[in-house]
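Descriptive structure summary
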Amino acid sequence: MVFSSEWLKLRTIASTYHALGSAALMVVLGMVWTIYVSSLAEERGSLRAAAPEEGFLPLVQISLAIIGVLAITSEHATGMIRASLTSVPGRGTLLVGKAAVVGVVTFAAAHAILLVTYVSARLIAGDRQLGFNDTSFFDDLPMLFASGVSVTVLALVGLGLGAATRSTAAATVSVVVMLFVLPGIATYLPEPWNSRVASLMLPNLVPQIAGDRLSSRLGDGLLSPAMAFTALISYALVALTVGLYFLKRRDV
């Protein structure tokens, strides 16, 4: 019952479709990017370009994280949270129901967008040597899966932060800081702390899950794929735990 009611609420909010539409722009941008680098490859013979499903991943992450944030902050803004808690008095049950719906929606949407971007880019690239089309689909599958999971984790982080702050702006800014600001700061720490801290940053967990290098500056990650995946899931668990703590302590 909780799942169905939360699913009904999520699919009747216009912002859900706006967020999905923004995330789906990755497909268009990926096609435009591939056409551009393909034209350069025809002039130069070959080049190494960033894979569009990796380069435009932050767009999908931020767009779908908004779904998690608004899943609860929109109810606080309209006062609907009182009706939700009347029908579902258990605040933990309510948050788990929201997390389940947000998780399923963002997991499915993220992987669908990533897959369409991946396939369309390779079809456009054809036989041109662009760097990102040198490997097979099965070789790229771990990165695609990890990227999709990272989107779902960020959406759940947004839900947890939204429950904790009750503010769309505060939760959204927190997600942006976690995704862009903190990883950038970590790279300027003195060695070896830069690589140690950077390895734990959320965006850097994706390549480690796939067994790839973090960057030319930081080199290989310090975490095994299993440890990186555990760390990634921990972001969502910690955020939801914090959100539940504040949800239980405060009056709505």
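Keep in mind the model is a prediction, meaning the values are calculated, not measured.

1. Quick notes on the pattern of salt bridges
Applying the stated criterion to the full structure yields eight salt bridges. Between Glu53 and Arg122 there is a salt bridge, with its nearest N and O atoms 2.9 Å apart. Pair noted here: Glu53 is in helix H3 (residues 52–55) and Arg122 is in helix H6 (residues 91–125), with a separation of 69 residues, a long-range link. Both residues of the pair, Glu53 and Arg122, belong to the buried class. One continuous salt-bridge network, built from bridges that share partners, spans Glu6, Lys9, Glu75 and Lys98.

2. Remarks on the packing of H6 against helix H7 (residues 137–165)
Interhelical geometry of H6 versus H7 gives an angle of 145° and a closest axis separation of 8 Å. Crossing of H6 over H7 shows right-handed handedness. Across the contact of H6 with H7, the residue classes break down as 17 nonpolar, six polar and three charged.

3. Focus: the layout of surface pockets
As a volume, the largest pocket reaches approximately 430 Å³. In terms of lining, the largest pocket is formed by 18 residues, of which the most central are Ala51, Glu54, Phe132, Asp140 and Asp212. Mapped by element, the contributors of at least two residues to the lining of the largest pocket are H3 and H7. Here the lining of the largest pocket gets four residues from one element, more than from any other, and that element is H7. Class assignment for the residues of the lining of the largest pocket results in seven nonpolar, three polar and eight charged. The volume enclosed by the second largest pocket comes to roughly 370 Å³. What lines the second largest pocket is a set of 16 residues, and nearest its centre among them are Glu54, Leu57, Pro58, Pro203 and Pro207. If you list the elements that add at least two residues to the lining of the second largest pocket, you get helix H4 (57–78), H7, helix H8 (168–186), helix H10 (202–209) and strand E1 (213–215). In terms of residue class, the lining of the second largest pocket is built from ten nonpolar, four polar and two charged.

4. A word on the nonpolar core
The biggest cluster of nonpolar side chains holds 52 residues, and the ones touching the most others in it are Val60, Leu64, Val153, Val157, Leu159 and Leu232. Mapped onto this core, the elements with two or more residues apiece are helix H2 (14–44), H4, H6, H7, H8, H10 and helix H11 (225–249). With 13 residues, H7 is the single largest residue contributor to this core. Sequence-distant contacts of Val60, that is, excluding residues within four places in its chain, are made with Ala23, Met26, Ile113 and Val151. Listed in part, the ten residues of the second largest apolar core include Val37, Ala51, Ala121 and Phe132.

5. Here's the deal with the environment of Ala155
Position of Ala155 among the secondary structure elements: in helix H7. The buried category is assigned to Ala155, whose relative accessible area is 0%. Residues within four places of Ala155 in sequence aside, it is in contact with Leu64, Ala65, Gly68, Val102 and Thr106.

Definitions and limits used
Note on numbering: residues in each chain are counted from 1, in written sequence order. The model is predicted, so local features are restricted to residues of pLDDT at least 70 and side-chain atom pairs to those at 80 or more, both for listing and for counting; the totals for chains, interfaces and linings are taken over all residues. The side-chain quantities take in all heavy atoms of the structure and omit both hydrogens and water. Think of a salt bridge as a Lys or Arg side-chain nitrogen and an Asp or Glu carboxyl oxygen that are within 4 Å of each other. Labels follow the DSSP assignment, with helices taken as runs of H or I lasting at least four residues and strands as runs of E lasting at least two, numbered in each case from the N terminus. Only protein chains enter the accessibility calculation, which uses a 1.4 Å probe; a residue whose area is less than 20% of its type maximum is buried, one above 50% is exposed, and one in between is partly exposed. Axes, fitted as lines to C-alpha atoms, cover a helix only where it is in contact. Angles between the N-to-C directions of the axes lie from 0 to 180 degrees. Take the far helix as the reference: if the near one is turned anticlockwise from it by less than a right angle, the crossing is left-handed, and if turned clockwise, right-handed. Just so you know the grouping, Ala, Val, Leu, Ile, Met, Phe, Trp, Tyr, Cys and Pro go in nonpolar, Asp, Glu, Lys and Arg go in charged, and all remaining residues, Gly too, go in polar. A pocket here means an open set of points on a 1 Å grid, computed over the protein atoms alone, that has protein on both sides within 12 Å along at least five of seven lines. A cavity is instead a set of points where a 1.4 Å probe fits but cannot get out; residues with an atom within 4 Å of a point line either one. Grid points are joined across faces, edges and corners, and a volume is the space filled by probe spheres set on the points. Buried Ala, Val, Leu, Ile, Met, Phe, Trp, Tyr and Cys residues that are joined via side-chain atoms within 4.5 Å together make up what is termed a nonpolar core. Whether two residues touch is decided by their heavy atoms; if any such pair falls within 4.5 Å, the residues are in contact.

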